[in-house]
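Survey of secondary and tertiary structure
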Amino acid sequence: MDSLLNFHFMRPLWLLGLPLLGLLLWQLWRRRVKPASSWSKVIDPELLPALSESAAGAGSKLPIWLLAAAWLLAVVALAGPTWEKLPQPVYQKQDALVILLDLSPSMYAQDVEPSRLVRAQREIRDVLRLRTEGMTALVAYAADAHVVTPLTDDGETISLLLPSLEPGTMPSIGNQPVRALELAAELVVNSPVESARVLFVTDGIPAEDFTALEQLAAGASLHLSVLGIGTDTGAPIPLARGGFLKDSSGAMVVAGLNDGQLARWALSAPVRYQRSVFSDRDIEQLLRPDPTELANPGVQAAANQQRFDNWQDAGPWLV
């Protein structure tokens, strides 16, 4: 009963082809009748019906009815008969997050167990676990920045690449967060979203870079967050060949997290900051959307499949 109530045509204008079929059949019928009317002038009326049928042939009507049936089916198929709705497409949030992983040598420090680098990798995995929607990219940076993965919804691939990322894999030593943010802005510009969140996973951002980062983020519609890895007291930086990193005077370098500077920056600028902890609280605070992000079209919900109508077209079955 529901099917009968829902029955309709998706493209009803094609039904205008049915009157043309009637006109065509009428013309064909006239062509068949006209010869018979001409013979009526010379053939006895009693013999005319039998002679007309034998002349036309009983099978000669078949092509006309085949034509009529094919025309009727074609017109109805093109009109799109339907009575069943398609499932609605699933909607998902198309927001974007670019993770900027600091791979300067200080990330080898072990003031957090087992090391800052391992803690940072675990935090990124937690981010991927908590993000059930949207696209994520990963950029590694030291003296320069490099794309590990562009914006993708495949968090598993990012997780698989994390163990291979360490300061020793970077071409040169340094700490250039501005260059990393520039690369994040390029990724967003070349993606379908209009804005994105950027998460620094780092053991420190130089204070002299704060202003440049703010200006760059504002110009590229990026929302900055910083996850600090390490402690204020810091720890020596172990070397791959053994021993610890020393400065030019021979003193051991102790790298500490500039937690106080980052916290004050977050209070005075549109930046979120959390120090890494063993629970998900730090990540949840950094990923929590604020009203300005929710109002931005770049993070609104969008259909994950294109849809032209909501009904199942039964026309192909007639074809």
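The present account deals with the structure reproduced in this document. All values reported here derive from a predicted model rather than from experimental measurement. (Residues numbered from 1 in each chain as written. Predicted model: local features only at pLDDT ≥ 70, side-chain atom pairs only at ≥ 80, totals over all residues. Heavy atoms only, no water.)

1. Some points on the overall build of the protein chain
A count of helices and strands for the protein chain gives twelve helices and twelve strands. For the protein chain, the proportion of its 319 residues judged to be buried stands at 38%. For the protein chain, the share of sequence-separated contacts (at least 6 apart) that also reach a separation of at least 24 residues comes to 78%. (Helix = DSSP H or I, 4+ residues; strand = E, 2+ residues; numbered from the N terminus. Buried < 20%, exposed > 50% of the residue type's maximum accessible area, 1.4 Å probe, protein only. Contact = heavy atoms within 4.5 Å.)

2. Points about the sheet that holds strand 4 (residues 96–102)
The six strands are arranged 6-5-4-7-8-11 in an open sheet whose pairing can be described as mixed. Edge positions in the sheet fall to strand 6 (145–152) and strand 11 (271–275), since each has one partner strand and no second. With strand direction ignored, the average angle separating the axes of adjacent strands in the sheet is 15°. Where strand 7 (residues 196–202) meets strand 8 (residues 222–228), seven bridges bridge the pair, whose relative direction is parallel. Counted as the bridge partner of alanine 196 is leucine 222 from strand 8. Sheet strands touched by helix 7 (residues 177–189): strand 4, strand 5 (135–141), strand 6, strand 7 and strand 8. Its angle to strand 6, the strand with the most contacts, is close to 30°. (Pairing = 2+ DSSP bridges. Axes fitted to C-alpha atoms, helices over the stretch in contact; angles between N-to-C directions.)

3. Describing the packing of aromatic side chains
Going through the model one piece at a time under the given rule, you end up with four aromatic pairs. Their ring planes at 80° and their centres at 5.4 Å tell us that phenylalanine 7 and phenylalanine 9 sit as a pair that is edge-to-face. The partly exposed category is assigned to phenylalanine 7, whose relative accessible area is 39%. Between the aromatic rings of phenylalanine 7 and tryptophan 83, the centroid separation amounts to 6.3 Å while the plane-to-plane angle is 20°, which identifies the pairing as stacked. One end of the pair, phenylalanine 7, is in the loop between helix 1 (2–6) and strand 1 (8–9); the other, tryptophan 83, is in the loop between strand 2 (81–82) and strand 3 (91–93), and 76 residues separate them in sequence. On the basis of relative accessibility, which here comes to 37%, the residue tryptophan 83 falls in the partly exposed class. Pairwise contacts between aromatic rings join Phe7, Phe9 and Trp83 into one cluster. (Phe/Tyr/Trp six-rings, centres within 6.5 Å; stacked < 30°, edge-to-face > 60°.)

4. A word on the pattern of salt bridges
Inspection of the entire model under this criterion finds ten salt bridges. We note a salt bridge from arginine 129 to aspartate 280, for which the minimum N-O separation is 3.0 Å. Of this pair, arginine 129 sits in helix 5 (residues 116–130) while aspartate 280 sits in the loop between strand 11 and helix 10 (281–287), placing them 151 residues apart in sequence. On the accessibility criterion, aspartate 280 (22% relative accessible area) is partly exposed. Through salt bridges with shared partners, a single network forms among Asp144, Arg179, Glu182 and Glu186. (Salt bridge = Lys/Arg side-chain N within 4 Å of Asp/Glu carboxyl O.)

5. Describing helix 9 (residues 259–268)
Quick reminder: α-helices carry 3.6 residues per turn. Residues three or four places apart thus point the same way. Taken as a whole, helix 9 has its buried residues at Asp259, Leu262, Trp265 and Ala266. Buried residues along helix 9 cover an arc of 130° about the axis, so they all sit on one side. Facing away from the buried side of helix 9 by over 90 degrees, the exposed positions are Arg264, Leu267 and Ser268. Against helix 8 (210–219), strand 8 and strand 11 lie the buried residues of helix 9. (Arc of directions from axis to C-beta.)

6. Focus: the environment of glutamine 274
Tracing the chain through its elements places glutamine 274 in strand 11. Each C-alpha atom of the pair glutamine 274 and leucine 262 lies 8.8 Å from the other, and the pair is twelve residues apart in sequence. Not counting residues within four places of it along the chain, the set of residues in contact with glutamine 274 comprises Val226, Leu227, Gly228, Arg281, Asp282, Gln285 and Leu286.

7. Section: the packing of helix 7 against helix 8
Two elements in contact, helix 7 and helix 8, have axes whose closest approach is 10 Å; the angle formed by their N-to-C orientations is 5°. Comparing the axis directions of helix 7 and helix 8 gives the class roughly parallel. In this structure, helix 7 uses Pro177, Val178, Leu181 and Glu182 to contact helix 8, whose residues at the interface are Ala212, Leu213, Leu216 and Ala217. Looking at the contact of helix 7 with helix 8 residue by residue, the class counts come to seven nonpolar, no polar and one charged. (Parallel < 35°, antiparallel > 145°, perpendicular 65-115°, else oblique. Nonpolar A, V, L, I, M, F, W, Y, C, P; charged D, E, K, R; others polar.)

8. Topic: the packing of helix 8 against helix 9
The interhelical angle for the contact between helix 8 and helix 9, taken along N-to-C directions, is 40°, at an axis separation of 12 Å. Comparing the axis directions of helix 8 and helix 9 gives the class oblique. In this structure, helix 8 crosses over helix 9, and the sense of that crossing is right-handed. Contacts between helix 8 and helix 9 pair Phe210, Leu213 and Glu214 from the former with Gln261, Leu262 and Trp265 from the latter. (Left-handed = near helix turned anticlockwise from the far one by under 90°.)

9. Section: the side chain of arginine 116
Relative to the elements of secondary structure, arginine 116 occurs in helix 5. With a relative accessible area of 0%, arginine 116 lands in the buried category. A distance of 2.7 Å separates a polar atom in the side chain of arginine 116 from a polar atom in the side chain of aspartate 203. (Polar contact = N/O pair within 3.5 Å; in protein donor to acceptor, adjacent residues only side chain to side chain.)

Geometric descriptors of this kind do not, in isolation, establish any biological role.
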